[in-house]
Each structure stands twice: as structure tokens, then as C-alpha cells.
Amino acid sequence: MNRPEKHSKSSENFVYSTSNFSPLSTTSCYINLPATTIRNLEIFQNKSDFKEYGSLFWVLNRTRTKFGSRMLKNWLRQPLRDFRQIEERQQVVTEVLHSDCMFFTKLAQLLCKLPDLQKGLCAALHKKCSPSQFLAVVRALNVVQETLKPLICTVEVEIQASTLKTLVLETVELLGDVQFYLNSLDEKAASEGDKTTLFKDFTSFPHVVERKKEMSEVSNKLNSLRPTIAQLLHLSIFHFVTVSGQEYLIEVKNTNLSYVPRDWLKIRSKQVSRFRSPAVESLLNQLQQVREQLKFDCYQAWLQFLSDFNTNFYRFKKAVLNLATLDCFLSLAEFAKQEKYCKPDLVDNFHQELKIVDGRHPIIEKLLSGEGQYVPNDTFLNSEKRCMVITGPNMGGKSSYIKQVALITILAQIGSYVPAESVTISPVDGIFTRMGAADNIERGKSTFLVEMQETVDIFKNATDHSLVVLDELGRGTSTYDGTAIAYASLEYLLREVKCLTLFVTHYLMLTELQDRYPGNITNHHMVYIVGDDDNINSKDESTVLHSCLTFLYKLEDGAAERSFGLNVARMAGMPESVIKLAYYKSQQVEQEVKKRSALRREFVTLWNKIL
């Protein structure tokens, strides 16, 4: 069989291939997704026990191969910025979702049978794979070739998406000569790891051929000693025996020991005695040396064979990446089959727009499956209305809401369908989050310092095409300082950065910014019910405090009147005496704040008159 044409000189050319490198800055292709955002949004692991369960990847992943799963992780880690590239993915997912072409069924069946080809090719590249592992890789690649090749006509006629056609046709072409490497191997020897009989034809490895010839000559010399041994032992016929791995033993019955020469080496003695003559021992030593040299030469032949295989590494790697991409498309299509999932409508990057109708949290909805229905909510942000300030009681669903908006944005920009009635989005260039409380004790950083540093990073990196999600900024310090920092930070985002912003806060003073920036910022709150209908609109704090608080998890316009922290404390089982004292102190603080606010307003009025 003729060797396939080589496409590169050696595997060392790997470092010279520009396709194996990415620039340090990939902002032109992918959105900026910092580690804090990946952690806060639970993209790859939940924040409870840091397992995959309960993460976005856990919800999304329906891949059938390990290399497909890794590619899907890369897609989540690097959502696309260019809406044309996103549209290409959407077109493929839509066709897979709605097509009844048999190709997709056969492709899914094929992918389920494949080992980790990406890992196998890397092991072959570094010559760290065994013959059995290599056999599994080339056998699987050959199965891919033999399965996809007969489907080419079906793909060309029935598949509409050009991306899909290219992936399939290119894969078949790239794997055109993989059968050569499979046919070169003796599959039984490869499965057993025997390199001395690994190849069907050793003519390409002259050292191995020469060594086998030498071994045959020594074996013939050993066999030529049999007549002489038979004559010495007064036997009509004689054969060497092998016992417990020891070869070329001369077995003599104890009744014939008198015929054994004294210079024979005794090996074993029980019912029968076994010996080796000096000539046999000498030739056997020579045979062992040739065998050791043969093993070395066969190992070198194996490395040479791998080097030859690795000249095609780029092509085979590309074929596997194509299969991984196909696997990801099948996974996204499977994900899109869920009820009330929609394909996002994309608008160009020149306009800021994020419109979500009846959006839902993909992770929480999955976790609540069969137990309850997730309450959908709308979102509308654009170049004018850039910010939503969200208030409301603790546990009311504020954090879940802002996370769902960010997660829907990520899903939309990897080309996936999303959990919503409809979505219109202009791709963002980055998603930045600041939420939760964390410190860094080993580096001497307090919770508040970490909070401020993460906020500064947002100021430095966010642009007017970014999505910024802030949850209770400023809570790590005193109420006055926290309020001031949150107020100033939000105003900076509105005035300087001009990004799309979701800002959750309990500082009701921030709702005043709606009056300062009309049209740019709107106030919203999570709906709740306090007690019965008679208490819903009650202004009496004590009545509200002793009423039952019911969360509706629905976003409505306007700011919340209070945060109901004491009600939540009662729900947590806080002692009633603590609740009462806290209520009394909160009333004192509120009255003091009102007095100071009134004095500040009077001072400002007088100052303005003086000026």
C-alpha cells in the first residue's frame, strides 16, 4: 500500500503553524467575560459546593463526546461579538432543530460511539500513546470517514446551512487517508501491545527486518542441535520444551540421567530433570540479545510510525474540531427543544438594545422543574434608557432577575436559543458583575476592599457597549459611606461609561437619580404582598412588621417603599425580642435620618439664595 501524501515535514512544525496560536487580546472576536463574572453567574460551577451541577454549563451541555463538551465550554467562556457569526450559529441550530433529515440522526449515533479523539491525537503527537490507544483513535477516525462519506449526497441536497455543509465535507476530505494507518497495523498485536508483530509489513523498517533475520538464524542453529542431543540421550527423536517461561530446556527422565554429560547446566529436578548444554546456553544468550535489540528496533519503528502519522496532525485535529463543532450544534438544538425557548433577534452593534419579553432564569427554571413555575420578567434597555435601578425586599428575586438577564445575553451570543418569549439584542462587548461578599485574607484584603477593586475594574474595562450588573454595591461599609459610594458609582456609569446597567440596591436614595437623568434611568421593584389585602398599602410600620410577607417575584415599575429586612429576619426564626428591639432602633435611626435630610435641604435652599 502506498503511503499517503505528507502535508508537513514533521510534528515539530506544530509550533510554526499560526492556527495554533491566538493573540493575547481577543476582544475583536469575543466578549470580555472576566473571572468574577464567570464565578458570579455560575457559568461552570455553582457557588454552593463548586460542582458542575446547578451551573449554566450543566443546563446547556447535551454533547455526546468529551471533545465536544470541551468546545462547548470554550463557547461559553468566549461568547461571540460579531452578530453575523452569531447568526451563522443560529441558522445551523435552527436547521438541526426543525429538520427531519436522517443525517442528523446518524451523526448523533456516530458521535455517541467516539472515544476522546482530541486527547488521543495529542497523546500520539507527544508519542505517549500505546499501540492499543492509537488503534482506538485511528479506528474511530476511520469509522467517521466511512460513516460520513456515503452521506455526502444527502448533505449537499438536503442541508441548507452552508456552515454545516462545510463542516461535513471538509471532515470527509481531511480524513481521506486515515485508513492507510489503520491497515498498516496488525489489530490483534496492537490490542495486545506487541510491537514485534505490530505492523503487517516491516519493509519500511530495515533494522527490524535485519533483526528478525538474525533471530531466525539463531533459532535455526538451536534446532540444528536436536539430532546431536537425541543421540547423546539415546532417543529416537528429541524436542526442546518450555516450562514457566524458560525456553530450550532439555528434558531427561530420571532413568536416563546417566546419559547426561557432566558439563550440562541443570535447570530443574523433580519427576524429570531439565538441562541446557553449553552450546544451547550460548545460542540462547545470543538469541536473547537479538530479541532485546529487536524490541528496541521495533520501539524505534513505532516512534517512526507515529512521526509519520503526526505529519497529518493538523488535518486530523481540524477534522476532530469539526466533529466537536457538530456535536455542539446538536447540543444547542437539543437545548432549544425545551418549552418556550426562542431564537434571539439580533440588531447591529451600532445601537444599544436589550429587550427581553418574559425572560426566565435558565438554571433556576431547570432546578425547579416539576416543583414550581419560574415567574418570567421583562427587560428593556437601549441607548437612551441605559439603567434599571431595582429595589425590593430581601429574597424577593432581585439577584435572580439580574443574573437571568446576563445569562440570557451570554446564551444569545453563543448562538443558542434562550428561555424567553422573545429577545432582541445588540451584541455586547463585555459583561461585568459585582455581587456577593468575598474577602482575600491571605493577601490582606477585606470584603469592602475586594468590592471596591472589582468596581474599579468595571470602570476601567466597561464601554458604552457593555452590560454591567451590580448587586448591592457599598454594603461592605457603613450605611452612609455605602450609600454615597453606590450613588456616585451609578452616576459615573450613567454619565461617563454610558453602558447598559442593572443596579440592585437597598439604598432608596439612589432612586432619586431617575429625576436627575430622566429617560436614562428607571426605577423598578420586585412585587410583594404584605399580610392580607387590608395591609398591602398600610403605612403603619408596626402593622407591616407583624404581617406575613409574600414574594411574587414579578418586576414592576417604581421604587419599593421599604426593604422588609425585619420581616425576613422573622422568617429566618430570629427571636421576637430581637425583632422588637431592632424595630425600635430602626424607627430611631429613620427619624434621625429624616431630620438630617430636612436640615440638609434647608441648608441647600439658603445657600442657593445667598449665591
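Structural notes, computed from the coordinates. (Residues numbered from 1 in each chain as written. Predicted model: local features only at pLDDT ≥ 70, side-chain atom pairs only at ≥ 80, totals over all residues. Heavy atoms only, no water.)

Turning our eyes to something else, we now look at the overall build of the protein. Counting its regular elements, the protein contains 23 helices and 16 strands. Sorting the 611 residues of the protein into buried and exposed places 46% on the buried side. Within the protein, counting contacts between residues at least 6 apart in sequence, those at least 24 apart form 73% of the total. Carbon together with sulfur atoms contributes 51% to the accessible area of the protein, which is approximately 31400 Å² in total. (Helix = DSSP H or I, 4+ residues; strand = E, 2+ residues; numbered from the N terminus. Buried < 20%, exposed > 50% of the residue type's maximum accessible area, 1.4 Å probe, protein only. Contact = heavy atoms within 4.5 Å. Areas by Shrake-Rupley, 256 points an atom, 1.4 Å probe, with all protein chains shown as cover.)

The next thing to look at is helix H12 (residues 206-224). An ideal rise of 1.5 Å per residue puts 27 Å on 19 residues; H12 measures up with 27 Å between its terminal C-alpha atoms. Every buried residue belonging to H12 is among Val208, Arg211, Val218, Ser219 and Leu222, and all of these are buried. Down the axis of H12, the buried side of the element spans an arc of 100°, and every buried residue falls inside it. Of the surrounding secondary structure, the elements contacted by the buried residues of H12 are helix H13 (226-232), strand S2 (246-253) and helix H14 (278-310). (Expected span 1.5 Å × (residues − 1). Arc of directions from axis to C-beta.)

Let us look at the packing of helix H9 (residues 162-174) against helix H15 (residues 313-336). Where H9 contacts H15, the axes come no closer than 9 Å and their chain directions differ by 145°. For the pair H9 and H15, the crossing hand works out as left-handed. Judged by residue contacts, Thr163, Leu164, Leu167, Val168, Glu170, Thr171 and Leu174 of H9 engage Arg315, Phe316, Lys318, Ala319, Asn322, Leu323, Thr325, Leu326 and Phe329 from H15. Partitioning the contact of H9 with H15 into residue classes produces nine nonpolar, four polar and three charged. (Axes fitted to C-alpha atoms, helices over the stretch in contact; angles between N-to-C directions. Left-handed = near helix turned anticlockwise from the far one by under 90°. Nonpolar A, V, L, I, M, F, W, Y, C, P; charged D, E, K, R; others polar.)

On inspection of all chains with the given rule, the structure shows 22 aromatic pairs. Residues Phe199 and Phe305 carry aromatic rings whose centres are separated by 4.9 Å and whose planes lie at 55° to one another, so their mutual orientation is tilted. Here Phe199, found in the loop between helix H11 (187-192) and H12, pairs with Phe305, found in helix H14; they are 106 residues apart in sequence, far enough to count as distant. Taking relative accessible area as the criterion, Phe199 reaches 6% and is therefore assigned buried. Relative to Tyr341, the ring of Phe335 has its centre 5.0 Å away and its plane inclined at 90°; by these criteria the two rings are edge-to-face. Side by side, Phe335 and Tyr341 carry an identical accessibility label, which is buried. Through a chain of ring-to-ring contacts, the aromatic side chains of Phe134, Phe180, Tyr181, Phe199, Phe202, Phe205, Trp302, Phe305, Phe309 and Phe316 assemble into a single cluster. (Phe/Tyr/Trp six-rings, centres within 6.5 Å; stacked < 30°, edge-to-face > 60°.)

Sheet topology places strand S6 (residues 345-346) next to strand S11 (residues 422-425); two bridges connect them, and they run parallel. Within S11, the residue paired with Leu346 across the bridge is Ile425. As judged from the four bridges shared by strand S7 (residues 353-359) and S11, these two strands associate in the antiparallel manner. Paired with Ile356 across the bridge in S11 is Val423. (Pairing = 2+ DSSP bridges.)

Note: S7 against strand S8 (residues 377-382), five bridges, orientation antiparallel. Counterpart to Glu353 in the pairing with S8 is Asn382.

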